[in-house]
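Chains, contacts and geometry: an overview
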Amino acid sequence: MKKAKVDVEGRIKELSARVEVALGEDGKQETLKANLKAQTEKAVEATGSAYSYASDTADLIVGALGKSHEFSKRIRQLRDQMALEARRGKRKEG
């Protein structure tokens, strides 16, 4: 390699430095993925808690007004829409 004038020591040193950077960045990525998973679990739990509280509140209102009251019917309809993921959010016109 010396005859071909290849700086082997310099290449090894630079490669080692680049590998260290790559390992550091990979470590950061793994930490971010772990944090994302933990945050997703928190978000799912918070959403479930909010839905449960809203559902309990809907039951309270329906119980107070009676099932045949028009507002009670609308509340039950909205709760059904919230419970079914496909019905959430904006709907496509068509």
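Refer to the preceding data block for the structure.
Okay, so let's go over this structure.

**A look at helix H2 (residues 70-83)**
When the terminal C-alpha atoms of H2 are compared, their 20 Å separation across 14 residues agrees well with the 20 Å that a helix rising 1.5 Å per residue should span. Within H2, the full set of buried residues consists of Ser72, Ile75, Arg79 and Gln81.

**Things to note about a nonpolar patch on the surface**
On the surface, Met1, Val6, Val8 and Ile12 cluster together to form a nonpolar patch covering roughly 340 Å² of accessible area. Assignment of secondary structure puts Met1 in the segment before helix H1 (8-65).

**A look at the packing of H1 against H2**
Between H1 and H2, the shortest axis-to-axis distance is 9 Å and the interhelical angle comes to 160°. Between H1 and H2, the angle falls in the class roughly antiparallel. As H1 runs across H2, the sense of the crossing is left-handed. Here Tyr51, Ala54, Ser55, Ala58, Asp59, Ile61, Val62 and Leu65 of H1 lie close against H2, whose contacting residues are Phe71, Ser72, Ile75, Arg76, Arg79, Met82 and Ala83. The residue makeup of the contact of H1 with H2, split by class, is 10 nonpolar, 2 polar and 3 charged.

**Points about the pattern of salt bridges**
Overall, the coordinates contain 5 salt bridges when judged by the stated rule. Glu14 is the partner of Arg18 in a salt bridge, and the nearest nitrogen-oxygen pair spans 2.7 Å. Of the two residues, Arg18 and Glu14 are both situated in helix H1; the distance of 4 residues between them amounts to about one turn of the helix. Judged by relative accessible area, Arg18 falls into the exposed class, the value being 56%. A relative accessible area of 40% places Glu14 in the partly exposed class.

**Thoughts on H1**
Between its first and last C-alpha atoms H1 spans 84 Å; for 58 residues at 1.5 Å apiece the expected length is 86 Å, and the two agree. Of the positions making up H1, those classed as buried are Ser55, Ala58 and Val62. Looking one or two places after H1, you find Gly66, whose phi comes out positive at around 95°.

**Section: the side chain of Arg79**
Summarising the element assignment, Arg79 is placed in helix H2. Only 3.3 Å separates the side chain of Arg79 from the backbone oxygen of Ser55, close enough to count as a polar contact. Setting aside residues up to four positions removed in sequence, Arg79 forms contacts with Tyr51, Ser55, Ala58 and Asp59.

Procedures and definitions
Numbering of residues starts from 1 in each chain and follows the order in which that chain's sequence is written. Side-chain atom pairs in this predicted model are given and counted only at pLDDT of 80 or more, local residue features only at pLDDT of at least 70, and totals for whole chains, interfaces and linings cover all residues. With hydrogens and water set aside, each side-chain value is computed from the structure's full complement of heavy atoms. For helices the rule is a DSSP run of H or I covering at least 4 residues; for strands it is a run of E covering at least 2, with both sets numbered from the N terminus onward. Expected helix span is taken as 1.5 Å per residue step, with the number of steps being one fewer than the number of residues. Only protein chains enter the calculation, and the probe is 1.4 Å; a residue is then buried if its accessible area is under 20% of its type maximum, exposed if over 50%, and partly exposed in between. Candidate patch residues must exceed 30% relative accessible area and have no salt bridge, after which like charges are joined if within 9 Å and Val, Leu, Ile, Met, Phe, Trp or Tyr side chains if within 5 Å. A 1.4 Å probe and the Shrake-Rupley method give the accessible areas. Residues count as covered only by the protein chains that appear here. The term salt bridge refers to a pairing of a side-chain nitrogen on Lys or Arg with a carboxyl oxygen on Asp or Glu at a separation within 4 Å. Here, axes are lines fitted to C-alpha atoms. For helices the fit covers the stretch in contact, and angles between N-to-C directions go from 0 to 180 degrees. Roughly parallel refers to an angle under 35 degrees, roughly antiparallel to one over 145, roughly perpendicular to one between 65 and 115, and oblique to any angle outside these ranges. The handedness criterion is simple: a crossing whose near helix is rotated anticlockwise from the far helix by less than a right angle is left-handed, and one whose near helix is rotated clockwise is right-handed. Contacts are assigned to residue pairs that have any heavy atoms within 4.5 Å of one another. Nonpolar residues are Ala, Val, Leu, Ile, Met, Phe, Trp, Tyr, Cys and Pro. Charged residues are Asp, Glu, Lys and Arg, and all others, Gly as well, are polar. Between N or O atoms, a polar contact is any pair within 3.5 Å; within protein, one atom must be a potential hydrogen donor and the other a potential acceptor, and residues adjacent in sequence are included only when both atoms are from side chains.

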